[in-house]
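One-letter residues, chain by chain:
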Amino acid sequence: MRRRRSALQSKMYWQIILTMFVLLDFLQMAVAHCMVHQVPARNFTLHCTLLNETFLSPFSAEVVESWSALRREHGASETKPPLLVNEESFLCCLWSDNNIDCSLYRASMQARKFIPSEISISASQEIDSNWNIECWLKGKLDLLVCSLRFLKLYLRANLKVNLLYAVSELSVGDVSTSSLKGTVTVAQCDCSAYDECECCVPSPRLNSTYIMWLKAVIGVTHLWSPLMSVKPIDIVKPEPPLNLHLEMTEKGQLKICWSDPQLMPYPLQYEVKISANSGQNGWQMVQVALETSLAIDNALLDSSYLVQVRCRNRRGPGFWSDWSTPYNLGAEVLYFPPKILTSVGSNISFHCIYKNKTEIVVSKKIVWWLNLAEEIPESQYTLVNDRVSKVTLFNLKATKPRGSFFYNALYCCHQNRECHHRYAELYVVDVNINITCETDGYLTKMTCRWSANPNTLLLGSSLQLRYYRSKIYCSDFPSTSPKSEVKECHLQKNHSYECTFQPIFLLSGYTMWIEFNHSLGTLESSPACVVPADVVKLLPPSNVKAEITRNVGLLNVSWTNPVFTNNDLKFQIRYAVNRKEIAWELYEVSNAPRSAVIKVQKLCVEYVVQVRCRELDGSGYWSNWSRSAYTLVKDIKAPLQGPEFWRIIIEDPARRQKNVTLLWKPLMKNHSLCSVSRYVIKHQTSGNTTWSEYVDNGTTCSFPWTEHTHTITVLAMNSIGVSSINFNLTLSQQMSTVSVVQSLSAYPVNSTCVILIWTLSPQIYVITSFIIEWKNLNKEEEMKWVRVPPNISKYYIYDHFILIEKYQFSLYPVFAGGVGKSRSTDRFTQGGYENENNASLYLVLPIVISTSVLLLGALLVSHQRMKKLFWEDVPNPKNCSWAQGVNFQKNGHSLKSSHGHCLLKHWASSQASYTELLDDFSIYIQKTGSTDTIQS
């Protein structure tokens, strides 16, 4: 038996052929074409047989002719035709480059393998074997899989299988072997499993027809299956539905909901099964047509039921998906929805079913808490039914991140404040994002910018700008549109985003908004519409020039208008003195003819000037500031006046003359306008002799004084001319003896100020001014001087004074006819000038304050001393006669009710000392004249 079986298997390996027994209706082709079997959306059987003795007979002439034509069509060499088959059989051929293999199919679908040759074929007896085949397209629509399962495992040894296929654009009903003109592709099959092979065709075209056949090698024997045809779209096996969850309607009706596995090319139908236990007998089958939800009875929440869903093509053939992951209906607390994503300012509602162990709590006993810290008012509750409670939150604010938590936790609790650890999550995001756009000055592109606070974004969220374009202008009420497009935006360093539209349509309306995407949902900002022509940021003006006009002294600014603009523009000019810290001043002008004149305070400084522009009607944006222009400091006018000057007279006994040195201060720029090139000193003597001399550099000039009267005038000169208003000084020997200053006192205020006070005697001469000189006698330093008006008798000198050193102060009266005799003092006056010298108060006030503090301290010490004497001396009978023999504890005498003459004695002595102190203080205040200060 073993030998016979072994021989039989060996013989079978060499002569086995493949046939197909298809459990679906198939198409019958004409003779000379292979019969192609359509693959069903289920498993089918491939039947393999072994040939017995020859039963073939010669072909008829018609068949021979068809056979020859078929071979010529596919390029095979001519051989004798195979034997003729009867009328109920079909001939199927598979061809290669130089050979054709045929299989004979009878009406009973039994297959016979034929090899065309000139000799007769002998075959063995027939032995059958079967393979179970199933082909499907995976749910992601990216892989066509054919699985072969062995029904007779003895064929498993030394087996190699390939799946060959070609693609045709014909329908399944029209396809035949004559359409196989394209490339034939070989797909490898994995036969590593014990009883199964799996063949995969990657990236199939869904609506094309695939003609497939199997090529198996058992040992050295090559076996071919009949042809099979399939359209991948007809054998799709979807992925299971996703995201099973419960939802609740406003009326409290529960629904089991799910999501489609992915975007399928056709609608799906679903099956839902609900189970009370894990056994198959407990499942309920419910068929659903199109919708992705199914209303269920609320009573199912009383027990732990499981729900699963599967899906398949609703309108055509296809496989059922696997069952989804089970969903448990038996949770203790159910929130509807469990998570909500919403925007700032919105109102949202949550539903809750609270189950205490196995019993559902009635809705009127349910309370709501936010983050377990804030109880929500009962006025925001709604009793949907006896099981469902609803809470509504109004005008929500953005959720503040708390560590890694970006949501608020909403708890549904029992009224006895028993809360389950489960909660609903509320995510509130601020999507009030402002989008600003500007069109460049060349009118070629529009740049839009927007920013979002990164601290308010949820983990896993993304932002994108969506927009659509109207043909012209914007609508009155911009709205979002499903036909919008996503615009690519780039993140900047300051957490803002920048998007560029190029090219642009200047008069079109671009409606745009920010879309916030998250796994919980999508939020949108309020849409804004922008017309590029209305948001133009012009180019800055060019060729900006600035100068201070001669003789007028105004800041004149000129520029060239930018390109791509009309003349209806307004301009802003900012100008400032050019220094390290620039303080800009702004000047605005409209419809300017490319220039403007500005009145400025300082004429002899360098100004920096910039200009920018904008549309006159206010649309668009201000341009950037232009490049800076700078004024040149140059002479505007002749100096307004000459310098103030004074003289120093030095006696020269040897020559019996006096030498005079003139001193003047450099002329300020606001007087020189704007520079001084030289000084002109004009001399005139009593003999009407006049001459001039020039000082180019310096502020001194010396000359001998030989005449009785000598008048000097100092003029300032620049490139425009000489000063018109000048100071004169007359040196007169006669007037130098006139003494009109009766007294002169110097009062130091502090180290930077000294007050000089003087009195005058009656005089007949008119004083034009005073000259004050001062000098530190302890140091060799230059004499300082100042000219003061003639109508004052007190002057504050501000300088750096060392009060312990000696200074000399001199006062000269200046008359029209000469300089009078001076009055000098070389010491500071001590005390105070009661009427005019308010500065003495500053010296006295610190002394008064110090004295007051000492006096207050003395009062406090005296008071403490009095209390000590009172408590130590008075209760002692040895020190007070009336207290002798008195028991204070027994009689309960109080100090207030006892005889007070001893107390009065001590008080009188203390009062006297207080009175003396107060009297001395009053006398001091009267002497210093500081009563008001002390009272205040």
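This structure is a prediction, so every number in the text was calculated from the model and none was measured. (Residues numbered from 1 in each chain as written. Predicted model: local features only at pLDDT ≥ 70, side-chain atom pairs only at ≥ 80, totals over all residues. Heavy atoms only, no water.)

### Description of the pattern of salt bridges
In this structure the tally under the stated criterion is 12 salt bridges. When the shortest N-O distance is used, the salt bridge between Asp 322 and Lys 237 registers 3.6 Å. Linking Asp 322 in the loop between β22 (306-313) and β23 (327-328) with Lys 237 in the loop between β16 (227-230) and β17 (242-248), this pair joins segments that are 85 residues apart in sequence. When its relative accessible area of 46% is taken as the criterion, Asp 322 is described as partly exposed. With a shortest N-O distance of 3.9 Å, Lys 339 and Glu 425 are connected by a salt bridge. (Salt bridge = Lys/Arg side-chain N within 4 Å of Asp/Glu carboxyl O. Helix = DSSP H or I, 4+ residues; strand = E, 2+ residues; numbered from the N terminus. Buried < 20%, exposed > 50% of the residue type's maximum accessible area, 1.4 Å probe, protein only.)

### Quick look at the pairing of strand β60 (residues 784-788)
Among the 5 residues in β60, 4 count as buried, and that is most of the element. Bridge count between strand β59 (residues 767-776) and β60: 5 bridges; the pairing is antiparallel. Within the sheet, the bridge partner assigned to Ile 772 lies in β60 and is Val 786. (Pairing = 2+ DSSP bridges.)

### Remarks on a nonpolar patch on the surface
On the surface, Ile 472, Tyr 473, Leu 506 and Leu 507 cluster together into a nonpolar patch covering about 360 Å² of accessible area. Along the chain, the position of Leu 506 falls in the loop between β39 (496-501) and β40 (510-518). Overall, the relative accessible area of 30% leaves Leu 506 in the partly exposed class. (Patch = residues over 30% accessible without salt bridge, like charges linked within 9 Å, V, L, I, M, F, W, Y side chains within 5 Å. Areas by Shrake-Rupley, 256 points an atom, 1.4 Å probe, with all protein chains shown as cover.)

### Concerning the packing of aromatic side chains
As enumerated under the stated definition, the model contains 24 aromatic pairs in all. Among the aromatic residues, those joined into a ring-pair cluster are Phe 405, Tyr 407, Tyr 411, Tyr 423 and Tyr 427. In this structure, Lys 237 packs its charged tip against the face of Trp 136, placed 5.8 Å from the ring centre. Here the guanidinium or amino end of Arg 574 rests over the ring plane of Trp 584, the centre of that ring lying 4.3 Å away. (Phe/Tyr/Trp six-rings, centres within 6.5 Å; stacked < 30°, edge-to-face > 60°. Lys NZ or Arg CZ within 6 Å of the ring centre and 35° of its normal.)

### Focus on the state of the cysteines
One pass over the structure, following the stated rule, counts 9 disulfides. Across a sulfur-sulfur distance of 1.9 Å, Cys 189 and Cys 199 are joined as a disulfide pair. With the S-S dihedral at roughly 110 degrees, the linkage between Cys 189 and Cys 199 falls on the right-handed side. With a gap of 10 residues between them, Cys 189 in strand β12 (residues 185-190) and Cys 199 in strand β13 (residues 196-202) connect regions that are remote in the sequence. A relative accessible area of 13% places Cys 189 in the buried class. (Disulfide = S-S within 2.5 Å.)

The values are spatial; any link to function lies outside them.
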